[in-house]
Each structure stands twice: as structure tokens, then as C-alpha cells.
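# Coordinate inspection notes
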Amino acid sequence: MSRRTLIWNARVVLPGETARTSVLIEDGIIAGVDPAPHARADEVVNAAGLHLLPGVIDDQVHFRDPGLTHKEDLRTGSRACAAGGVTSFMEMPNTVPQTITVEALAAKLELAARRSLVNYGFYMGATTDNLNELRRAGRTPGVTTPGIKIFIGSSTGNMLVDDQECLEAIFAETTLPITAHCEDEGTVRANRARLGRPLTVHDHSRIRDDRAAVTATLRAIDLAKRHRHRFHVLHVSTAEEVRIIGEHNRLSAPHERVVTAEACPHHLFFDTSDYDRLGTLAQMNPSLKTADDRAGLWRGLTEGAIQIVATDHAPHTLEEKAAPYPGSPSGVPAVEVFLPLMLNEVNRDRCTLGDVTAWMCDRPARIWDIVGKGRIEPGYDADLVLVDMEKERLVRNEDQLCKSGWSPWHGTRLQGWPVRTWVGGRTVFADGRVATEAHGREIVFDRKRGGYWATGRTQ
Ligand code: DOR
């Protein structure tokens, strides 16, 4: 029997406009926007005074499952997503075991089907010798992946691939989109050797400096361009990379544009001055940069050189983070506060709700060829989030649902919070409570779409 839910009288953020209207969900799909006033429904949700957005698609999380589940697991990570309005995530391969074979990828998909409250996809990780697996992953029926992740720069999990010959082969001989962590290992090692003395966390940004990020991003863009391979730059941290990416795409003929990029909340909201306050809680890779870099990232987003925002949610326990630098691990959790951080900026007039849904919903779907997500349109999946733009709340460690139980935004007051989240038409978060059942599904990718630059359907 079909089940219908009517979300009545919301301010609905549609492609190109916000309209006061209603949305009808039928069997997990958006059946209508502005349905007949008396449309039959099993459930009516009064959304007067609230905004309805497409669910957020976060293309960069580390949920640590399997193998590092003392930090996070697919259940806790996806619960945090549900409360934060994130209805789909794409997870990174630096788990234990690493996701570097088709079998490991299939195992993660199976695990998520049992544990995840929200929709999921998993990257294939590149190593110096798994080219065949990367190629198999693109053509094994029933095993889906958004693409290949390369650590061109070491980070958590020993997955460094910076040998030129290996990189050339991966870009030349695989077909899945490639994404990379760009920090140049040679520059990082030389910086560290030069400093020599006992280190403090402030040195993290001197060791992983702007030159390390710029050098690796230039190298990756060169590979993508020569091999005409779709490439997405993860967590851009410097104003110079924004300039380089923007310039690259401006100078490429439309059919040759292959590069897209993202910024993360920690680089958009923190800079090197935050080490004094946060210590190693502000340690992540790429490192924090200057206030000018931070301003450059915001400019990149509003001007379009950077297309999307993603969290790089990378939890470690507070005990682990408390180790003296450089023994402390890099990474911060963020999925729960991701949307509120950005809604708060809408309330401060830094950007619009249209910008936020383009950066966090529509464009991630276009970049990764995701089918049926990222927009409120008939026929799209009913992955939706109802937000109260007036609601103010303090971010507090004790309220965090993610397993690590802390946030670098602890003590920050934000205005604009999710009040209800649907995944495939089912409520996974409402009245401050998160569902207990796994409602998530595998994200479906359709490579024939050709990615962000090919769709021409960008807000
Ligand atoms: O800070 C980071 N932490 N950056 C990464 O690239 C990896 C991540 C992690 O997995 O902890």
C-alpha cells in the first residue's frame, strides 16, 4: 500500500527560487510540489514558518567502520548525519582494512545496509599497487562507488601515493572520477626537518604550509588535464589554490573542464589564530591557514571557483587529541553542525539559502553523477530537511551524537537548525530524537551524466 506524507505550507527551497508551498511524498519519492490543496495523505506535517531544503549530501566523511570503531561507526556517524540534516554521505577508504579492493568495498556496502540511517557511498582508495582493483571497481556489477580517493600527501592511515609513475598510471588507466588529498609530501618533510626544535601545534601550519597544498594541487590538476580525467580537489585550504582552480577552469574550453573543488567548514570558520584557543582540537590536514586564506575560500565559493562544501568529518577521541603535538591525530568531527554553521551564515547575510542548497545539495549530486538527489523536484528522492531559521542553540560537546563526543564549535551559538529529516520519505530525525532503524540506501551513480561541467544543470 502506498504511503503519502504532505509537508504543508513550508518555505520550500526550489531550484532558483524559494516558494511558500507544500510538498507531497509518495513511497519515498517527491510526488508533487504544490499539490492540490486537499491532496489525500496518511500524514500531514504542518511546516508553517519553516524552510524545507533538499537533504545535504556530504561527499567527505571518515566514519571509521570497520576497524577504528572506538572513534566512530556507521551507526553513530549516520545518526549524527540525521540530526544534522545530512541525508547522504560518501565515506573515505582509510579504515581498517582499507577500502582498496572490490571485496572490501562490497563489505562496507553490506555493513552500511545494516547500520546506516542515511544514504551512503564509499570511495575506493588508491595504493601504489592496486590499479587492477581500481579498474575492477568501475565495472563490477552491483558494487557502487563515487570514485577513487588518492592521498597525494600522507594523513591518517598510511595511504600515501606520491610516486609520479603510479599517479600517471591511475589517471591514465582508470575511468572512475578521482579525488585527492593534496599536500606535497616533500615540502612537508623539508619544512619539518628545517624546524628541528621541539614542536607545538602552531607548527602544524608551518609544516603543512600553503606551499605544500599549492604544490600538490598544481601537480594533481596537471595530471587531470593531461589525462582528461575528472578530478575533484578535496578540502582546499589556501587562497592561492582557489585562484589556480578558478584560472584553470576559466582558461579551459567548456568540454575540457575536468576540475571541481570543495572547502570544509573548519577552513571556512577557523584560521591559525584559533590554535591559541583550541590547541590540537584545531589540528587537521590540510592545516589551518591565515585569515586571508579563509576570506579567499569564501570568495571562491561565492564566485564559483569552489563549487561545494563538505565536512571532512574526521573524529578522534578527546584522549587521542590530548596527546602532545605531533603525537596528536589530525581531524575534527562536523556532520552534526555542518548545516547549522551554514544556516547561521545565511542569517548573517554572508550567503543565501539558494547558495547553501547549491553548495551542499545540488552541486555535490551533479559532481558525483548522483541519481535522484540534491533537489526538491517531482520524481526526486524524498531526502529532505525541515529547518527552523529562527531557532538558536549553543553547540555543546555533551549534545553531540557522534561517538567522539566533542565539537571544535563547542560554545558557539548558531541560529538556524534542522527540526526534521526524511530519508527516502521516512522520518529519521524529529522532535530532537533520531530513528533507531537503518533506513539508508546505496547512492546510485550514473556515469553517463558526465559530472558537474557536463550537466549544465547547476544553480
Ligand atoms: O585531518 C584529517 N584527518 N585529514 C585527513 O585527510 C584524514 C583525516 C582522518 O582520517 O583522520
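The paragraphs below set out a description of the structure included in this document. (Residues numbered from 1 in each chain as written. Predicted model: local features only at pLDDT ≥ 70, side-chain atom pairs only at ≥ 80, totals over all residues. Heavy atoms only, no water.)

### Brief notes about the sheet that holds strand β10 (residues 148-152)
If you trace the six strands from one edge of the open sheet to the other, you get β9-β10-β11-β12-β13-β14, paired in parallel fashion. In this open sheet, the two edge strands, each paired with only one partner strand, are β9 (124-125) and β14 (308-309). The sheet contact formed by β9 and β10 spans two bridges and is parallel. When the sheet's bridge partners are listed, Gly125 is paired in β10 with Lys149. (Pairing = 2+ DSSP bridges. Helix = DSSP H or I, 4+ residues; strand = E, 2+ residues; numbered from the N terminus.)

### A look at the site of the ligand
As a structural note, the neighbourhood of the ligand is formed by 15 residues, with Arg64, Asn94, Thr156, Asn285 and Ser330 the closest of them. Between an oxygen atom of the ligand and a side-chain N or O atom of His62, the distance comes to 3.2 Å. Taking Ser155, its side chain carries an N or O atom lying 3.2 Å from an oxygen atom of the ligand. When the free accessible area of the ligand is taken as 290 Å², the share hidden by the protein chains comes to 100%. (Near = heavy atom within 4 Å. Polar contact = N/O pair within 3.5 Å; in protein donor to acceptor, adjacent residues only side chain to side chain. Areas by Shrake-Rupley, 256 points an atom, 1.4 Å probe, with all protein chains shown as cover.)

### Brief notes about the packing of helix α3 (residues 131-139) against helix α4 (residues 164-173)
Axis separation between α3 and α4 bottoms out at 10 Å; the angle between their running directions is 20°. The angle between α3 and α4 places the two elements in the roughly parallel class. Remark: the crossing between α3 and α4 carries right-handed chirality. Contact residues: Leu131, Leu134 and Arg135 in α3; Ala169, Ile170 and Glu173 in α4. Its residues assigned to classes, the contact of α3 with α4 comprises four nonpolar, no polar and two charged. (Axes fitted to C-alpha atoms, helices over the stretch in contact; angles between N-to-C directions. Parallel < 35°, antiparallel > 145°, perpendicular 65-115°, else oblique. Left-handed = near helix turned anticlockwise from the far one by under 90°. Contact = heavy atoms within 4.5 Å. Nonpolar A, V, L, I, M, F, W, Y, C, P; charged D, E, K, R; others polar.)

### Concerning unusual backbone geometry
Residue Pro97 follows Val96 across a cis peptide bond; omega there is 0°. Along the chain, Pro97 falls in the loop between β7 (86-91) and α2 (102-115). Along the chain, Asn285 connects to Pro286 via a cis peptide bond; the corresponding omega equals -10°. With respect to the helices and strands, the residue Pro286 is situated in the loop between α10 (275-278) and α11 (291-303). Phi at Asp312 takes a positive value of approximately 55°, unusual for a residue other than glycine. Assignment of secondary structure puts Asp312 in the loop between β14 and α12 (318-321). Located in the positive-phi region is Asp369, a residue other than glycine, with phi close to 60°. Among the secondary structure elements, Asp369 is positioned in the loop between α14 (353-367) and β15 (384-394).

### Some thoughts on the pairing of strand β13 (residues 259-263)
Regular strands have side chains that alternate between both faces of the sheet. For β13, the buried fraction is high: five of the five residues fall into the buried class. As defined by bridge partners, strand β12 (residues 231-233) adjoins β13 across three bridges and the pair is classed as parallel. By the bridge assignment, Phe231 is partnered in β13 with Val259. Of the pairings in the sheet, the one linking β13 to β14 comprises two bridges and is parallel in character. (Buried < 20%, exposed > 50% of the residue type's maximum accessible area, 1.4 Å probe, protein only.)

### Some points on the packing of helix α1 (residues 74-84) against α2
Running from N to C, α1 and α2 point in directions that differ by 60°, and their axes come no closer than 9 Å. In terms of axis orientation, α1 runs oblique to α2. The hand of the α1/α2 crossing is right-handed. Contacts between α1 and α2 involve Leu74, Arg75 and Ser78 on the former and, on the latter, Lys108, Leu111, Ala112, Arg114 and Arg115.

Geometry only, nothing functional implied.
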